[in-house]
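Chain and residue survey
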Amino acid sequence: MNILDPLPDPKVLSLLLTLQCTAECRHCGTMSGPRVKGRLHADIARRLIREAGNLSYDSVVFTGGEPTLYGVELYDLIEFASSLSLPTRIVTNAHWAKNRERANTVLQRFATAGLREINFSTGDEHARFVPISNIIWGIRAALDAAIPAAVMVEVVSDRSITKKGLLSDPTFCSLIAPEEADQIIFSESPWMPLDEKHIERYPLGLATNAENIGRRLGCDSVINTTTVMADGRVMACCGLGTRSIPELEIGHIPKDSLQDLRQRAEGDFLKRWIRNEGPERILQWAAEKNPAIEWENLYAHRCQACKRVYTDPLVRAEILQHYEEKILDVLYSEWLLHGYQPQYDQHRFHAHEQLGKV
Amino acid sequence: MAERLELTGPVFTNRAVSFMNLMRLPTFRRDFEADPAGVAMREFQLKLPARAISASNKLLADLLQDRAFNKWAQDFQMEIESRYPALTTAKTVGELAKGASATVNDIQREFAKGVSAHLPPDLVSKLKLSSTWKGQIAAEDDIAIVLLVFVAVVVVVVAPKTRDDLLSRNTVRLLVNQLEILKSGPKGRRE
């Protein structure tokens, strides 16, 4: 792909195989926990993966809850997706990586099944239930199994677990060489209260305001990620906060097909607006219409800003009254990013240059 | 309990499909870009304000349609691929992360310089006159310096996960968004 080529429309199938989890984090985006029951039937998961393959989805993500609690069928599903040439990713808290031997056993099984990426979730909340040493053993085992690994670290204002701290942890340094650490993708992401009225404290400059909003692009999850919950409900984004935003629930498995669900999500202008500009810009736009709407320095996690878009009566009123004026701007932006094809290419440049026509 | 906030229906779907099809026609595209509010009323029965298309979209369109910028981007891509072969030969996310971690800052800085060198002259004039930057921006190089400060921040926030994340139309859009704030000042800040 060239730098200025049209951007592809990503399609991701995310399966929340179970909402059961070994951890019980405050503000868990999926409201998972040890006492939450229910699991997605493996036959249904298999049918969805097959459909994703037929529709040329880009990847399948296994998450939850803690997906490893799903049992041996998790490996079967990864293997099945791999057999359809669908890259797979798992999101886990590494509760199973209690020592090197156990971590290696699990990662080798993942590698044999064809897993393409493993994401570890950690931070002050997760670490109340899963020691940081598990994350380190998990990373070590992923390196040994040649499975690319990423680590997501929660960010709040006062925290003890950081990327920097993890990289300088004596156990980490003794097990993972600096050149190996370079291969791990670390992502420090704001920890989000589900309640849009609960304002978390973040490091300075992390919450969105009029000065830093230029760094916010559209939401790459809404519409592009189809999330199937353990109880069969289907969400139009990656799952964080969707359980508290009814509008993001777009259907139910097994009644609806993936294709129908995607079309249903694409048919909602608000979701396309969020995908194109992000919820923070919609709040900014609504605040220009109604100065009583405050939005600056409140939200670092965009899912919380999204919940505000859907739940604040003032914001909803401005959207309903004025959204039509945004329709062509958003469609034009979609076209510029994904549709516009320049009418010339490299060969033409050189040909025209030789003819002196550029 | 509030009603579901969904902006759906066949009218929107038809408009969206029709717009994307019409944009393939050069004459429609030119008409729309010249008079978006007029075209919106004629073709889609939408009453739009005079500034129907955001300044960011207009600038993004100008850059993507600029032959010189496209040629520069293609040459730049070839240059970084030869200068940093690890980026193009990486077979896994891990290899890419390793290759990119050492180079991403330099590459995105150079890209920001390239964008600022291809900005429309009227935007450069407006930036020089903007209340935010009056007296501080005298030339295109100064814009690049301002953007570099921004890019340095972006690199920290947006670590590339695939090669296409490193530089793409989205990178141009990020820079365009920032330029809009530089030009007009932050929207929404209360005194």
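Up top is the structure these notes are about.
Below you will find a few notes about this structure. Every value quoted in this text rests on a predicted model; they were computed, and no experiment measured them. (Residues numbered from 1 in each chain as written. Chains lettered and ligands numbered in written order. Predicted model: local features only at pLDDT ≥ 70, side-chain atom pairs only at ≥ 80, totals over all residues. Heavy atoms only, no water.)

Thoughts on the overall build of chain B
Basically, it comes down to this: A helix here means a DSSP run of H or I that spans at least four residues, while a strand means a run of E at least two residues long, and both kinds are numbered starting from the N terminus. Only protein chains enter the calculation, and the probe is 1.4 Å; a residue is then buried if its accessible area is under 20% of its type maximum, exposed if over 50%, and partly exposed in between. Note on contacts: a residue pair is in contact if any heavy atoms of the two residues lie within 4.5 Å. Throughout, the Shrake-Rupley method with a 1.4 Å probe supplies accessible areas, and for residues the shown protein chains are the sole cover considered.
Each helix and strand counted, chain B has 11 helices and zero strands in total. The order of helices and strands in chain B, counted from the N terminus, is α-α-α-α-α-α-α-α-α-α-α. In chain B, which comprises 191 residues, the share counted as buried stands at 46%. In chain B, 66% of the contacts between residues at least 6 apart in sequence involve partners at least 24 apart. Accessible surface for chain B amounts to roughly 9,900 Å². Of this, 54% is attributable to carbon and sulfur atoms.

Quick word on a positive patch on the surface
Residue and element names in this part refer to chain B. Here is the rule we go by: A patch consists of residues whose relative accessible area exceeds 30% and which take part in no salt bridge; residues with like charges are grouped when within 9 Å of each other, and nonpolar side chains (Val, Leu, Ile, Met, Phe, Trp, Tyr) when within 5 Å. Salt bridge, as used here: a side-chain nitrogen of Lys or Arg that lies within 4 Å of a carboxyl oxygen of Asp or Glu. Asp and Glu are treated as the negative residues and Lys and Arg as the positive ones, with His and the ends of the chain left uncounted. To locate a charge, take NZ of a lysine, CZ of an arginine, CG of an aspartate or CD of a glutamate.
Together, Arg 51, Lys 58, Lys 126 and Lys 187 make up a positively charged patch on the protein surface. Relative to the elements of secondary structure, Lys 187 occurs in the segment after helix 11 (169-184). The exposure class assigned to Lys 187 is partly exposed, which follows from its relative accessible area of 42%.

Description of the sheet that holds strand 2 (residues 59-64) of chain A
Two orientations exist for strands paired in a sheet by backbone hydrogen bonds: parallel and antiparallel. Residue and element names in this part refer to chain A. This is how the line gets drawn: Note: two strands are recorded as paired if DSSP finds a minimum of 2 bridges between them. Simply put, an axis is a line fit to the C-alpha atoms, just over the touching stretch for a helix, and the angle between two N-to-C directions goes from 0 to 180 degrees.
Here nine strands make up an open sheet; going across it, the order is 6-5-4-3-2-1-7-8-9 and the pairing mixed. On the outer flanks of this sheet lie strand 6 (185-190) and strand 9 (249-252), each paired with one strand and no other. With direction set aside, neighbouring strand axes in the sheet form an average angle of 25°. Two strands pair when backbone bridges link them, and strand 4 (residues 117-122) and strand 5 (residues 149-155) are joined in this way by five bridges, in the parallel orientation. For Asn 119, the partnering residue across the bridge sits in strand 5 and is Ala 150.

Some remarks on the packing of helix 3 (residues 100-113) of chain A against helix 4 (residues 132-144) of chain A
Packed helices, taken two at a time, are described by the angle their axes make and the gap between the axes. Residues and elements named next belong to chain A. Which entries qualify depends on this criterion: Under this scheme an angle from 65 to 115 degrees is roughly perpendicular, one under 35 degrees roughly parallel, and one over 145 degrees roughly antiparallel; angles in between are oblique. Crossing handedness follows the turn of the near helix against the far one: under a right angle anticlockwise gives a left-handed crossing, and clockwise gives a right-handed one. Ten residues, namely Ala, Val, Leu, Ile, Met, Phe, Trp, Tyr, Cys and Pro, are considered nonpolar, four, namely Asp, Glu, Lys and Arg, are considered charged, and the remaining ones, Gly among them, are considered polar.
Contact geometry for helix 3 and helix 4: axes closest at 8 Å, N-to-C directions at 45°. Judged by the inter-axis angle, helix 3 sits oblique to helix 4. Crossing angle aside, the handedness with which helix 3 passes helix 4 is right-handed. Note on element contacts: helix 4 touches helix 3 through Trp 137, Gly 138, Arg 140, Ala 141, Ala 142 and Asp 144, opposite Arg 100, Ala 103, Asn 104, Leu 107 and Gln 108. Each residue belonging to the contact of helix 3 with helix 4 can be placed in one class, and the counts come to five nonpolar, three polar and three charged.

Details of the environment of Pro 10 of chain A
Residue and element names in this part refer to chain A. Position of Pro 10 relative to the elements: it lies in the segment before strand 1 (12-18). Overall, the relative accessible area of 32% leaves Pro 10 in the partly exposed class. Once the C-alpha coordinates of Pro 10 and Pro 246 are considered, the two residues, 236 residues apart in sequence, prove to be 23 Å apart. Setting aside residues no more than four positions away along its own chain, Pro 10 makes contact with Asp 58, Asn 224 and Arg 262.

Looking at the packing of aromatic side chains
Applied cut-off: To pair, rings of Phe, Tyr and Trp, with the six-membered ring standing in for Trp, must have centres within 6.5 Å; the planes then decide the type, stacked if under 30 degrees apart, edge-to-face if over 60, and tilted in the middle. Note on geometry: a ring has a charge over it if NZ (lysine) or CZ (arginine) is within 6 Å of the ring centre and within 35 degrees of the ring normal.
Tallying each qualifying case throughout the model produces 18 aromatic pairs over all chains. Between the aromatic rings of Phe 69 of chain B and Trp 72 of chain B, the centroid separation amounts to 6.0 Å while the plane-to-plane angle is 15°, which identifies the pairing as stacked. With a gap of three residues between them, Phe 69 of chain B and Trp 72 of chain B both fall in helix 5 (residues 67-83), about one helical turn apart. For Phe 69 of chain B, a relative accessible area of 0% gives the class buried. By relative accessible area, which is 21% here, Trp 72 of chain B ends up partly exposed. Ring-pair connections join several aromatic residues into one group, and the members of that group are Tyr 332, Trp 335 and Tyr 340 of chain A together with Phe 19, Phe 28, Phe 32 and Phe 44 of chain B. Sitting over the ring of Phe 80 of chain A, Arg 46 of chain A keeps its end group 4.9 Å from the ring centre. Geometry around Tyr 75 of chain A places Arg 109 of chain A over its ring, the cationic atom sitting 4.1 Å from the centre.

Overview of the packing of helix 10 (residues 279-289) of chain A against helix 12 (residues 313-322) of chain A
Residue and element names in this part refer to chain A. It is at 9 Å that the axes of helix 10 and helix 12 come closest, and there the two elements cross at 85°. In terms of axis orientation, helix 10 runs roughly perpendicular to helix 12. Across from Ile 282, Leu 283, Trp 285, Ala 286 and Lys 289 in helix 10, the residues of helix 12 making contact are Val 315, Glu 318, Ile 319 and His 322. Taken together, the residues that form the contact of helix 10 with helix 12 break down as six nonpolar, one polar and two charged.

Digging into the environment of Pro 254 of chain A
All names here are of chain A. For Pro 254, the location among the structural elements is in the loop between strand 9 and helix 8 (258-266). By relative accessible area, Pro 254 is classed as exposed at 53%. Sequence spacing of Pro 254 and Ile 223 is 31 residues, and the spatial spacing of their C-alpha atoms is 19 Å.

As for helix 13 (residues 327-339) of chain A
In terms of burial, helix 13 of chain A is largely enclosed, as 11 of its 13 residues are buried. When we look at burial in helix 13 of chain A, the residues that qualify are Ile 327, Leu 328, Asp 329, Val 330, Leu 331, Tyr 332, Ser 333, Glu 334, Trp 335, Leu 336 and Leu 337 of chain A. In the core, the buried residues of helix 13 of chain A are packed alongside helix 9 (269-277) of chain A together with helix 1 (10-22), helix 2 (26-34), helix 3 (36-44), helix 4 (55-64) and helix 11 of chain B.

So, the interface of chain B and chain A
Basically, it comes down to this: Accessible area that two parts lose when put together, with a 1.4 Å probe and added across both, is what the buried area reports.
Contacts between chain B and chain A engage 71 residues on the former and 69 residues on the latter. Interface of chain B and chain A: buried area, both sides summed, is about 6,600 Å²; carbon and sulfur atoms make up 61% of it. Between chain B and chain A we count two salt bridges in total. With its nearest N and O atoms 3.7 Å apart, the salt bridge here joins Arg 15 of chain B to Glu 324 of chain A. With 10 residues, the top contributor of residues to the side of chain B that touches chain A is helix 5 of chain B. For the side of chain B that touches chain A, the class distribution of residues is 36 nonpolar, 16 polar and 19 charged.

With respect to the environment of Ser 32 of chain A
Residues and elements named next belong to chain A. Here is the rule we go by: N or O atoms within 3.5 Å of each other form a polar contact, as long as, within protein, one can give a hydrogen and the other can take it, and as long as residues adjacent in sequence are counted only when both atoms are side-chain atoms.
Following the sequence through the fold, Ser 32 ends up in the loop between strand 1 and helix 1 (42-54). Relative accessible area serves as the criterion here: at 9%, Ser 32 is assigned to the buried category. When the C-alpha positions of Ser 32 and Ala 149 are compared, they lie 23 Å apart, and in sequence the two are 117 residues distant. Once residues within four sequence positions are removed from consideration, Ser 32 is found in contact with Leu 19, Cys 21, Ala 23, Gly 64 and Gly 65. Of the polar contacts made by the side chain of Ser 32, one reaches the backbone oxygen of Leu 19; its length is 3.3 Å. Here the side chain of Ser 32 touches Gly 65 through a polar contact of 3.0 Å, landing on its backbone nitrogen.

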